[in-house]
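Survey of secondary and tertiary structure
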Amino acid sequence: MKKFLLLTCIVLACSSCGEYNKILKSTDYELKYSYAKKYFNEGKFVKSATLLEEVVTIFRGTSNAEESLYLLAQSYYGQKDYQTASDYFKQYYQTYPKGEFVELARFYSGYGLYLDSPDPRLDQKQTYEAISQLQLYMEYYPQSEHAKQAQDILFELQEKLAYKELMSARLYYNLSTYMGNNYRACVITAENALKDYPYSKHREEFIFLKIRAKYEMALVSIEDRLQGRYRDVVDEYYNYINEYPEGKYIKQVRRFYEHANKQISNNY
């Protein structure tokens, strides 16, 4: 019985391959298109994409042009080739700005790139692309079915970029004065992140890193800059406690302030 089932599966597989190869060689593009849709509905996205790549060019200017291009994008999406899918979704909504599938094409062009967004330690080109596409979607369809989902994804991607900046700021702080003033780089990175991501959940740590790095800069400062840098620490202390009076880093921040304030007082 097992041998019979195995043989049956082999025969069916060979039959399927034979059918597909026959369709590939065919010059009947309507037939190819019907099989492309058949394979797509069966979840055979590689086969559907292969056929659609050919017929999309042939169908330009015909009644099947719009649908075939959208299905091609969805076929790559089904393969989890999100970058290629996004390119075809963009091609679709640029070619057919009032097309039947234009809203979905705009959404999936960004959503696929979101699914493909890399670890924060890696280059974030796709993350920026996803944000751009989803922001465009929100502009066009602020009340759509996917609007809330798109908004939540945008917040998530912004947090990912903020976390990448946080890792950079931490790294600069840990490098201290190795091959230059990395404390200054830490401050600049934290300040830029606070401007770019003002509502990030990492906001408190960015502010803390600023005062911490400025305090370390004061400790290694030359005499001419010493008082100015200690005053910067005092200013940052007030900025921190105004926003986080019972913050996670309050003890450390208060210690920086007390030492800086003492140094300023001793100078008078």
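Summarised in this report is the structure supplied together with it.

What counts and what doesn't
Residues numbered from 1 in each chain as written. Predicted model: local features only at pLDDT ≥ 70, side-chain atom pairs only at ≥ 80, totals over all residues. Heavy atoms only, no water. Salt bridge = Lys/Arg side-chain N within 4 Å of Asp/Glu carboxyl O. Helix = DSSP H or I, 4+ residues; strand = E, 2+ residues; numbered from the N terminus. Buried < 20%, exposed > 50% of the residue type's maximum accessible area, 1.4 Å probe, protein only. Core = buried A, V, L, I, M, F, W, Y, C linked by side-chain atoms within 4.5 Å. Contact = heavy atoms within 4.5 Å. Expected span 1.5 Å × (residues − 1). Axes fitted to C-alpha atoms, helices over the stretch in contact; angles between N-to-C directions. Parallel < 35°, antiparallel > 145°, perpendicular 65-115°, else oblique. Left-handed = near helix turned anticlockwise from the far one by under 90°. Nonpolar A, V, L, I, M, F, W, Y, C, P; charged D, E, K, R; others polar.

1. Some points on the pattern of salt bridges
- Scanning the entire structure with this criterion turns up 12 salt bridges.
- Note that Glu 67 and Lys 37 form a salt bridge whose closest N and O atoms lie 3.7 Å from each other. Here Lys 37 lies in helix 2 (residues 29–41) and Glu 67 lies in helix 4 (residues 65–78), a separation of 30 residues in the sequence.
- What makes Glu 67 partly exposed here is its relative accessible area of 30%.
- A salt bridge links Arg 121 to Asp 119; its shortest N-O distance comes to 2.8 Å.

2. Considering the nonpolar core
- One finds Phe 89, Tyr 92 and Tyr 240 to be the most contacted residues of the largest nonpolar core, which totals 81 residues.
- Residue contributions to this core peak at 10 residues, all from helix 8 (residues 147–175).
- Those residues within four positions of Phe 89 in sequence are excluded, and the remaining contacts are Tyr 70, Ala 73, Gln 74, Tyr 77, Ala 105, Tyr 108 and Ser 109.

3. Considering unusual backbone geometry
- The phi torsion at Lys 80 lies on the positive side, around 70°, for a residue other than glycine.
- Tracing the chain through its elements places Lys 80 in the loop between helix 4 and helix 5 (82–95).
- For Lys 80, a relative accessible area of 60% gives the class exposed.
- Within the chain, Ser 176 stands out as a residue other than glycine whose phi angle is a positive 45°.
- Topologically, Ser 176 is positioned in the loop between helix 8 and helix 9 (182–196).
- Relative accessible area serves as the criterion here: at 21%, Ser 176 is assigned to the partly exposed category.

4. Quick look at the side chain of Gln 74
- Secondary-structure assignment places Gln 74 in helix 4.
- Beyond its immediate chain neighbours, meaning those up to four positions away, Gln 74 contacts Phe 40, Phe 89 and Tyr 108.

5. Overview of helix 4
- With 14 residues, helix 4 extends 20 Å from end C-alpha to end C-alpha; this agrees with the ideal 20 Å at 1.5 Å per step.
- Most of helix 4 sits out of view: 11 of its 14 residues are buried.
- Buried within helix 4 we find Ala 65, Ser 68, Leu 69, Tyr 70, Leu 71, Leu 72, Ala 73, Gln 74, Ser 75, Tyr 76 and Tyr 77.
- Tucked inside the fold, the buried residues of helix 4 contact helix 2, helix 3 (45–58), helix 5 and helix 6 (102–115).
- Positive backbone phi, at 70°, marks Lys 80, one or two positions downstream of helix 4.

6. Observations concerning the packing of helix 9 against helix 10 (residues 203–219)
- Packing of helix 9 against helix 10 brings their axes to within 9 Å, and their N-to-C directions diverge by 155°. In terms of axis orientation, helix 9 runs roughly antiparallel to helix 10. The handedness of the crossing between helix 9 and helix 10 comes out as left-handed. Only Arg 203, Phe 206, Ile 207, Leu 209, Lys 210, Ala 213, Lys 214, Glu 216 and Met 217 of helix 10 make contact with helix 9, whose side of the interface consists of Tyr 183, Arg 184, Cys 186, Val 187, Ala 190, Glu 191, Ala 193 and Leu 194.
- Split by residue class, the contact of helix 9 with helix 10 holds 11 nonpolar, no polar and 6 charged.

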